[in-house]
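Now for the letters of each chain:
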Amino acid sequence: MHSLLPLLLLGWWCLRLTATTNNDNLKFYITTECSNNMNYTRGSAFQANLDAILSSLPDAAAASSGFAENTTGAAAPDKAYGLAQCRGDVGASDCRSCLNDTAHEMASACPGQKNAMLIYEGCMLRYSNASFFGDPYTSNPIFQLANDENVTQPERFMSLLGVLMSNLTREAAYGSPRRFAAGEVQQTSFVTLYGLAQCTRDTSAGNCMLCLAILVDAIPKCCNGKQGGRIFSPICQLRFEIYPFYDPLAAQPAMSPAPAPRSGPVNGSDLPGPQNTGSNSTVRTALIIVSILAAVMLLLLLLFVAAYGCKKNKKPYKHVQIVRDGHGAEEEEMRSSEPLTYDLSTLRAATDNFSEENKLGEGGFGPVYKGTLPDGQVIAVKRLSRTSKQGHVEMKNEAVLVAKLQHKNLVRLLGCCIEEDEKLLIYEFLVNKSLDKILFDPIRQQELSWGQRYKIIEGIGRGLLYLHEDSRLTIIHRDLKPGNILLDADMNPKISDFGLAKLYDIALSVANTSRIAGTYGYMAPEYAVRGTFSTKSDVYSYGVLVLEIVTGRRPAENLINFVWGQWSHQNVSQLLEGCPADGPGPQEMLRCIHVGLLCVQEDPRLRPSMASVVIMLNSRSITLPIPTVPAFVSPAEGPRAAAPEPSINEGSVSDLEPR
């Protein structure tokens, strides 16, 4: 027994060395992002506000489980916004130390810059002169690092890595209140793969999942077959290695719901981490005792592990910068301003007193006119009829609400006018009409390349995701169809007709209505039959729309029955006949069809959320589920869905399109 003690002490020392090395690596420098177009003057009010932010964030984050955001200053342009976050497994003391060093480094890293971000292994610090809290559109990778060592079984390794990262991204986004997850998977008897995923805590669950999915999708480009890698964006990060680079004892509670706040002052030990004492020390002691007992029984294994562990710690770990790209996928545009109030005289002049020559169309709410403002801006003016049920107060309140629900893939409300007997809504003017005018026109459909079709599919998905999860209210569209998808000059899709009569603040996941509004052929079965609607009703309509865009067929042409028949019999060539040959190729088209079939499943619970749909379309590393038989499919009778008919809702923003 005495002869085993040196070996046991050697193994324990190697384990402690690993932990010490990991703590030191928390301050391993990753990257700096500085804006080069906005400077502040030394000694200015902005610098005073910035200094106050940088000095307060380290203590605030250490006292708040590793995250803090703050704002200093009364008004722009001197107002400063700051955010600090530590890695989920980092304790309060190490968190404070890491952020203090980062704050001190800021002055020399980005001198005089009004926007900056500094990322270390264990923490990140960011500030700006404009609010960026909760901004979901900064998910493009800005820095990627790869281990210079290759794995011995790259195919198996990448397969296991995909499984591990899929689980961690889902856990970080939806299972952890700290937006953090870490875990491991066994590759061989002696090699374990470790991974970590984290988002900034101001990021919503859906945006966290989307950001991490984008990073996972970038792994093969930077780190294919490598033993380790790290990818960072401003709001999320991931890392994988073949050795434990995080503290598993601290990671587990960081992934669990936070305990109830304790009374009394913060003493710097409120976070679980390598520096904590008390219960963590007891656990560590118990683990050491168990390790010693296990080592006595498995001497040969201990010798191998001890030798291998010491060898790993003696060899420095090297990373090589692969890419540093501040560009990537285009960022989406979001606004949150009050709608402008237009003068009636201005709108009369812009539309030539609502002349017939400027009339674009007419819907249930009233006619729509093209107008040109004095500054040259072209607008669409919807003139509510006097028989409309909308009153002045109600219309103004809802106009304010719609104006706050701005997104790149939604038709934009510019303002309103309530004057004399007129009630007018002013929208952006779109020159390429609605999708159905191009998709089903024998001549114009040739204008839609596969790349454009895919961009339209993805853009509609992002617009719906915003309506369902990221807007101030849960908004159920209820009439998604090609006629309500308008296209701008660059063929970017914009969802219309989501407007006044269809805004719902839904506390429950499902609601009912006695008045069914929408278009037959696009309605989910539970909505068409029972009036039950939810976000999954829109998902169904989106699925029909995707199948239309890919195949060029309408619901009236037995669309769902046709697609399912060809898909289930693996006869996919006919599904792609209507698609141009350019672009990503058949596999991309088939993936869109696969997503469309998942969306039109009969059971709403089996349909994916729009957050999942956007991830499925963006990440090729995710394996799609097998769809069940869609709604309205009968082997004997064919689809039971009725042919598309005119909308039976009260009005439509699609009247904004030119004639």
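Enquirer: Which parts of the structure should I look at to understand the packing of aromatic side chains?
Expert: Any pair of aromatic rings gets described here by the distance separating the centres and the angle formed by the planes. Per the stated rule, a full pass over the model turns up 8 aromatic pairs. Taking 6.2 Å as the distance between ring centres and 70° as the angle between the ring planes, the aromatic pair formed by tyrosine 194 and tyrosine 246 counts as edge-to-face. Separated by 52 residues along the polypeptide, tyrosine 194 in strand 8 (residues 192-199) and tyrosine 246 in the loop between strand 10 (236-241) and helix 6 (248-254) bring together distant segments of the chain. Residues tyrosine 194 and tyrosine 246 agree in their burial class; the two are buried. Their ring planes at 50° and their centres at 6.2 Å tell us that tryptophan 450 and tyrosine 454 sit as a pair that is tilted. Of this pair, tryptophan 450 and tyrosine 454 both sit in helix 12 (residues 450-470), 4 residues apart, which is roughly one turn of that helix. One exposure class covers both tryptophan 450 and tyrosine 454, and it is buried. Taken together, the aromatic side chains of Tyr81, Phe132 and Phe133 make up a single cluster linked through ring pairs.

Enquirer: How should I be thinking about the nonpolar core in this particular structure?
Expert: Buried together is how nonpolar side chains tend to be arranged in soluble globular proteins. Ile219, Leu435, Ile460, Tyr542 and Ile593 are the most contacted members of the largest nonpolar core, which has 104 residues in total. Counting residues in each nonpolar core, the second largest holds 25 residues, with Ile53, Val90, Cys95 and Ala103 among its members.

Enquirer: Where do I start with the state of the cysteines in this structure?
Expert: Each disulfide consists of one covalent bond between the sulfur atoms belonging to two cysteines. Counted by the stated rule, this structure contains 6 disulfides. Across the disulfide, cysteine 211 is cross-linked to cysteine 236 (sulfur-sulfur distance 2.0 Å). Taking the sign of the torsion about the S-S bond as the criterion, the disulfide between cysteine 211 and cysteine 236, at about -80°, is left-handed. Of this pair, cysteine 211 sits in helix 5 (residues 205-223) while cysteine 236 is found in strand 10, placing the two residues 25 residues apart along the sequence. For the residue pair cysteine 211 and cysteine 236, the accessibility class agrees, reading buried in each case. Sulfur of cysteine 416: no disulfide; nearest cysteine sulfur belongs to cysteine 417 and is 7.5 Å away. Taking relative accessible area as the criterion, cysteine 416 reaches 5% and is therefore assigned buried.

Enquirer: Which parts of the structure should I look at to understand the environment of arginine 87?
Expert: Its place among the elements puts arginine 87 in the loop between strand 3 (80-86) and helix 3 (92-109). When the C-alpha atoms of arginine 87 and glutamine 237 are compared, they prove to be 9.8 Å apart, with 150 residues separating the residues in sequence. Contact partners of arginine 87, with chain neighbours within four places excluded, come to Leu26, Glu121, Gly122, Phe180, Leu196, Gln198, Arg239, Phe245 and Tyr246. At 3.3 Å, the side chain of arginine 87 forms a polar contact with the backbone oxygen of phenylalanine 245.

The rules behind the values
Residues numbered from 1 in each chain as written. Predicted model: local features only at pLDDT ≥ 70, side-chain atom pairs only at ≥ 80, totals over all residues. Heavy atoms only, no water. Phe/Tyr/Trp six-rings, centres within 6.5 Å; stacked < 30°, edge-to-face > 60°. Helix = DSSP H or I, 4+ residues; strand = E, 2+ residues; numbered from the N terminus. Buried < 20%, exposed > 50% of the residue type's maximum accessible area, 1.4 Å probe, protein only. Core = buried A, V, L, I, M, F, W, Y, C linked by side-chain atoms within 4.5 Å. Disulfide = S-S within 2.5 Å. Contact = heavy atoms within 4.5 Å. Polar contact = N/O pair within 3.5 Å; in protein donor to acceptor, adjacent residues only side chain to side chain.

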